[in-house]
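Reading the structure
In case you want the letters, here they are:
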Amino acid sequence: MLVKPSPLTALNRVGIRAGEQCYDAIVGPGLLDRVGKLVAPLVRGPRCAVVADENTAALFAARVLRSLTEASYQRTLITLAPGEESKSLEQLGAVCEQMAAAGLDRTSFLVALGGGVPGDLAGFAAAIYFRGIPYVQVPTTLLAQVDSSIGGKTAVNLPAGKNLLGAVHQPVLILADTDSLQTLPPRELSQGFAEIIKHAIIADASLFALLDSFARNRNFTELVRRNIEIKASIVAQDEQDVTGARAILNFGHTVGHAIERAAGYGALAHGEAVSLGIVAACEVSVRKAGLKEAERAKAISMLEAFDLPTKLPPDFPRQLILPALRADKKFERGQVRFVVTPALGSARLTSDISVEEIAAAIELL
Ligand SMILES: NC(=O)c1ccc[n+]([C@@H]2O[C@H](COP(=O)([O-])OP(=O)(O)OC[C@H]3O[C@@H](n4cnc5c(N)ncnc54)[C@H](O)[C@@H]3O)[C@@H](O)[C@H]2O)c1
Ligand SMILES: [Zn+2]
C-alpha cells in the first residue's frame, strides 16, 4: 500500500540567520491551517493576537484562528483598514491598546497576517510591546513573501516620511502559504515581480531561467523559496543595514522613489515605479559599470513579460522627477550613493555617479 507522505515533508524550509538569531521560513501550500502547530515549539503564550487588514482577515483569519485554538492558544483578532494609511503612529497605538485589552503580556506573541502593511505594523508593535515580544510573519502578498516579511525591518510612516519610525525585530518564523496568492489581484502580483526581477539582477542571474519556467508552470513555491534565500543571504551580511551590503537591495529604488514622489504617492504603484527605476539603473550601469547591452535588454524584457512598465506614461510630470531625486536623503554633496549592476546577478554600491548622469538615464524613460 502506498503511504501518502505527510504534506509537511514536502514543505520548503529556508534557514535564516540575522545577527544573533536564526529562524526558518517555510514555503508551500496549506500553511494557514498549520500556523498553531508550527509556532507551538517556538513561543509560550497562552495568549496571542492575529493582526490582519480587513481583506486578509475576511479571506484567511478564520483558518489561522482555528489552528491557534487547536494548538491551545487564547487568541484575538485585531484588524486594520487595508492600505498604506494604516501604517501610522495612531494605528500602532490602537493595535497596542487592543493587545493590552486582550491581556497580552511578555509571554504572548503576534501573528502578522497579510501584506507588507500588517507585516510592518504588527512587527513594530511586537518590537516595542513589553519591550519586545515574539511574532510570526504570515505574508499573503507576493511582495511580502519575497521581500517585506524577510529581514526583520518593521516600521510605521510619519507625515515627514515613509518608514521613519521603526525597529529591526526579527520574527521567530515566516510562513509563506503560496495558496494565499490565488486571490491576489494581478496588479498586486506585479508588485512582487518587480522585487523578484530586482533580486535576479543584483544577486542571482539563474532566477531569469526560473522566471521563464514560472511563466509556464506557475509554481510559486520554488520561486518564493529562491527569493527568500536571496534576500536572507543579503540580510545575513548586514542585519542592521550599516555595512552597505544590504544597500544593494535598493537597486532601482533611488530613481523609483523619485518617480513615486513625482507622481504623487499612490498614483503609481511602488512596483511600477521600481520597474522604471530598474530600467534607469540598468542604463546607468551600461554607461558607468560595464553592463552589456544584451544583459540590459534581457532585464527589460523580463519586466515587460510581467506587465511592468518600462516607459513613463506620456502625461507624466517628468519635470518633477529630478527635484524629487535631489531631495533624496541619499543625495550628498551633489553625488548619490547609487547601486549599479556590472553584470546580471551582481551589484555594487558606488558614489562615482552624478545626479546629471542619473538624469540622462531618466530622460530615456
Ligand atoms: N519591512 C520591509 O523590509 C519592507 C520591504 C518592502 C516593502 N515594505 C512595505 O510593505 C508595504 C507594501 O506591502 P504590500 O504590497 O504587501 O501591501 P499591503 O499589505 O497593503 O497589501 C496590498 C493589498 O493586497 C491585499 N491583500 C493582501 N493579501 C491578499 C491576498 N492574498 N488576496 C487578496 N488581497 C490581498 C491587502 O488587503 C491590500 O489591499 C509598504 O508599506 C512597504 O513600505 C516593507
Ligand atoms: Zn521596493
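Here goes a summary of the coordinates provided.

Each value, and the rule that gives it
The residue count restarts for each chain, going from 1 along the sequence in the order it is written. Following the order in which they are written, the chains are lettered starting with A and the ligands numbered starting with 1. In view of the model being predicted, local features appear only for residues whose pLDDT reaches at least 70, and side-chain atom pairs are presented and counted only at 80 or more, with totals across whole chains, interfaces and linings using the full set of residues. Here the side-chain values reflect all heavy atoms present in the structure, with hydrogen atoms and water set aside. Helix and strand assignments follow DSSP, with helices taken as H or I runs no shorter than four residues and strands as E runs no shorter than two, numbered in order from the N terminus. Burial here depends on accessible area, computed with a 1.4 Å probe over protein chains only, as a share of the maximum for the residue type. Under 20% is buried, over 50% is exposed, and the range in between is partly exposed. Contacts are residue-level and defined by heavy atoms, with any inter-residue pair within 4.5 Å sufficient. Surface accessibility follows the Shrake-Rupley procedure with a 1.4 Å probe radius. Residue values consider only the protein chains on display as shielding. Residues counted as positive are Lys and Arg, residues counted as negative are Asp and Glu, and His and the chain ends are not counted. Taken as the charge centre is NZ of Lys, CZ of Arg, CG of Asp or CD of Glu, depending on the residue. Nearness is defined per residue: one heavy atom within 4 Å of the molecule or strand is enough. Definition of a polar contact: a pair of N or O atoms within 3.5 Å, with one able to donate and the other able to accept a hydrogen when the atoms are protein atoms, and with sequence-neighbouring residues admitted only if both atoms are side-chain atoms. Cavities and pockets are defined on a 1 Å grid built over the protein atoms alone: a cavity is a set of grid points where a 1.4 Å probe fits but cannot escape, while a pocket is an open set with protein on both sides within 12 Å along at least five of seven lines, and lining residues are those with an atom within 4 Å of any such point. Grid points are joined across faces, edges and corners, and a volume is the space filled by probe spheres set on the points. We call Asp, Glu, Lys and Arg charged. Ala, Val, Leu, Ile, Met, Phe, Trp, Tyr, Cys and Pro are nonpolar, and the rest, Gly among them, are polar. With water omitted from the atoms examined, metal sites may look incomplete; donors here are N, O and S atoms no farther than 2.8 Å from the metal, or 3.2 Å in the case of Na, K and Ca. Every helix has an expected span of 1.5 Å times one less than the residues it contains. Comment: arc refers to directions from the helix axis out to C-beta atoms.

Moving on to the overall build of the chain. A tally of regular secondary structure across the chain gives 13 helices and 13 strands. Its C-alpha atoms give the chain principal-axis dimensions of about 60 × 55 × 40 Å. Within the chain, the proportion of its 365 residues that are buried is 55%. Nonlocal contacts in the chain, meaning residues at least 24 apart in sequence, comprise 74% of its contacts between residues at least 6 apart. For the chain, the computed accessible surface area is about 15,700 Å², with 53% contributed by carbon and sulfur atoms. Counting 37 positive and 38 negative side-chain charges, the chain places the centres of these two groups 4 Å from one another.

Glancing now at the site of ligand 1. Of all residues adjacent to ligand 1, which total 26 residues, the nearest are D53, E84, G116, T141 and T183. N55 has a polar side-chain atom sitting 2.8 Å from an oxygen atom of ligand 1. At a separation of 3.0 Å, an oxygen atom of ligand 1 approaches a polar backbone atom of V117. Bound to the protein, ligand 1 loses 85% of the 870 Å² it would expose on its own. Mapped by element, the contributors of at least two residues to the shell around ligand 1 are α2 (54-70), α4 (116-128), α5 (142-148) and β8 (161-168).

With that settled, the discussion passes to the layout of surface pockets. Its boundaries defined by the atoms lining it, the second largest pocket holds a volume of some 170 Å³. Considering the residues around the second largest pocket, the lining is formed by P186, R187, L189, S190, F193, A215, R218, A305, F306 and D307. Residues belonging to the lining of the second largest pocket are distributed by class as follows: six nonpolar, one polar and three charged.

Let us look at the coordination of the zinc ion (ligand 2). Looking at the zinc ion (ligand 2), the protein donor atoms are E195 (OE), H253 (NE2) and H270 (NE2), and they sit 2.0 to 2.1 Å from it. For the zinc ion (ligand 2), the donor residues sit on a single chain with the sequence spacing E-x57-H-x16-H. Here E195 is found in helix α6 (residues 186-203), whereas its partner H253 is found in helix α9 (residues 253-263), with 58 residues between them in sequence.

Attention now moves to helix α11 (residues 293-305). Over its 13 residues, α11 extends 18 Å from the first C-alpha to the last, a length consistent with the 18 Å expected when each residue adds 1.5 Å. Looking at α11, one finds that the buried residues are R296, A299, I300, M302 and L303. All buried residues of α11 project into a common sector of 155 degrees when viewed along the axis, lining one side. Those residues of α11 that are exposed and angled more than 90 degrees off the buried face are A294 and A305. Each element contacted by the buried residues of α11 is listed here: α6, α7 (207-217) and α10 (270-289). In the segment just after α11, D307 is the residue with positive phi, at about 60 degrees.

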